[in-house]
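A structural walkthrough
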Amino acid sequence: AFRRMESLRFTSAVALVCFAYVVGVVFVYGLDPGLPACDAAHRPCPRQPIPWFVDSSTMDRLGIMSVFIFGFTCHQNIFPIVAELQRPTGRRINVVIGCSSVTSLLIYLAVSACGLVTYGTAVHSDILTNYPQTVGLAVCRVLLALSLSLSYMLQCHPCRMCLSTLLFGETAYDIPTPCFLLLTYGILGGSFAVAMFVHDLGIVLALVGATGSTAISYILPGTFYALMHRENPGPKAYAAAGLAALGCALVPTLVTLVLVSGQSGG
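The model shown is predicted, which means the values in this text are computed figures rather than measured ones. (Residues numbered from 1 in each chain as written. Predicted model: local features only at pLDDT ≥ 70, side-chain atom pairs only at ≥ 80, totals over all residues. Heavy atoms only, no water.)

**Some thoughts on the overall build of the chain**
Defined as follows: A run of DSSP states H or I qualifies as a helix once it reaches four residues; a run of E qualifies as a strand once it reaches two. Both are numbered from the N-terminal end. Each residue's exposure class comes from its accessible area (1.4 Å probe, protein chains only) as a fraction of the maximum for that residue type: buried when under 20%, exposed when over 50%, partly exposed otherwise. Note on contacts: a residue pair is in contact if any heavy atoms of the two residues lie within 4.5 Å. Here the open area of atoms and residues is found with the Shrake-Rupley method and a 1.4 Å probe, where only the protein chains shown may cover a residue.
On a plain count of helices and strands, the chain comes out with eight helices and zero strands. Reading the chain from its N terminus to its C terminus gives the helix and strand order α-α-α-α-α-α-α-α. For the chain, the proportion of its 266 residues judged to be buried stands at 27%. Taking all contacts inside the chain whose residues are at least 6 apart in sequence as the whole, residues at least 24 apart take part in 70%. When the accessible area of the chain is evaluated, it comes to approximately 16,500 Å², of which 72% is carbon and sulfur surface.

Set out below in structure tokens:
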């Protein structure tokens, strides 16, 4: 059970509904300036005019780049999706990739803009920590936790598949049930340990974006494409090699910036 991506379609639908409620709450607070966006204990409320140009250094902007990379890294799920997609033609695969990327971009932009309108530069990496303690927002926080819990399985699936191939030489579809359970509970235990000891979600996302996401998005695709066309290289092959080189430069740079920013409390 739950060895295939198709098995997660119902939990994914529930997660999307929960996330839609969270996004809706952020929209309402962003579009209605009359709503009390802060607890009385936190007055004056940090609601500010929109800072169209944030005064930050180049290093700060580069440090944020890892979060953006993480936000658009879904490459690890494309292989099982293609394997289970009905009539996986190139056009249908491109439609899936394009729709998911554009939808994510629009949601990111809308939520970011509303958070910026509501709290200005005082907005936190976890925006829900800015909002007051009300019943509606308590429901919002519970639904977000539920959404993340259900979405976790989408990340666990490719991780388990890769570990199964590396450790047992077979995909998670084919390994014995004890090995399948061992991998699953091992991943869950590691994730639980990180969740218990790390208090800043923004640092976690930044580190994952600076390492794994950069490798998946920049280094590996560029390297594979360049190697596949090394006999007859063209402009795309050279561009792919440049993408891989950029990724190799980004990993140490972004990791250093994230760690320096974390130590300084930024």
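**Thoughts on the environment of S104**
As for its position among the elements, S104 is in helix α4 (residues 90-119). Each C-alpha atom of the pair S104 and F72 lies 7.7 Å from the other, and the pair is 32 residues apart in sequence.

**Here's the deal with unusual backbone geometry**
Notably, R87 is not glycine yet its phi reads approximately 50 degrees, a positive angle. Residue placement: R87 occurs in the loop between α3 (78-84) and α4. Among the residues examined, R87 registers a relative accessible area of 58% and is labelled exposed.

**Looking at the confidence of the model for the chain**
Here is the rule we go by: pLDDT is a per-residue confidence score from the predictor, ranging from 0 to 100.
Within the chain, residue pLDDT values average 80, and 86% of them lie at 70 or more. For the chain, the element scoring lowest by mean pLDDT is helix α2 (residues 58-71), at 72; helix α6 (residues 177-197) scores highest, at 89. Every residue in residues 40-44 is under pLDDT 50, and counting partners more than four places away or in other chains gives two contacts.

**Considering the packing of helix α1 (residues 9-31) against helix α5 (residues 135-168)**
For any two helices packed against each other, one specifies the inter-axial angle together with the distance between the axes. Stated precisely, the cut-off is as follows: Here, axes are lines fitted to C-alpha atoms. For helices the fit covers the stretch in contact, and angles between N-to-C directions go from 0 to 180 degrees. Should the near helix be turned anticlockwise from the far one by less than a right angle, the crossing is termed left-handed; should it be turned clockwise, right-handed. Residue type decides the class: Asp, Glu, Lys and Arg count as charged, Ala, Val, Leu, Ile, Met, Phe, Trp, Tyr, Cys and Pro as nonpolar, and the leftover types, Gly among them, as polar.
Between α1 and α5, the shortest axis-to-axis distance is 8 Å and the interhelical angle comes to 140 degrees. In the crossing of α1 with α5, the sense of the turn from one axis to the other is left-handed. Seen from α1, the contacting residues are T11, S12, V14, A15, C18, F19, Y21, V22, V25 and Y29; seen from α5, they are G136, L137, V139, C140, L143, L144, L146, S147, L150, S151, M153 and L154. Among the residues forming the contact of α1 with α5, the class breakdown is 17 nonpolar, five polar and no charged.

**Quick notes on α6**
Put simply, the rule is: In this scheme, a helix's expected span is set at 1.5 Å multiplied by one less than its residue total.
Counted at 1.5 Å a residue, the expected span for α6 with its 21 residues is 30 Å, and the 30 Å between its end C-alpha atoms agrees. Buried residues in α6 make contact with α5.

**What about the packing of aromatic side chains?**
Quick note on the threshold: In this analysis, rings of Phe, Tyr and Trp, with Trp reduced to its six-membered ring, are considered paired at centre separations within 6.5 Å, and the interplanar angle assigns stacked below 30 degrees, edge-to-face beyond 60, and tilted for intermediate values.
Within this structure, the stated rule accounts for three aromatic pairs. For the ring pair Y29 and Y131, a centre distance of 5.0 Å and an interplane angle of 55 degrees mean the geometry is tilted. In this pair, Y29 is assigned in helix α1 and Y131 in the loop between α4 and α5, connecting sequence segments 102 residues apart. When the centroid spacing of 5.3 Å and the interplanar angle of 85 degrees are considered together, the rings of F72 and Y108 count as edge-to-face.

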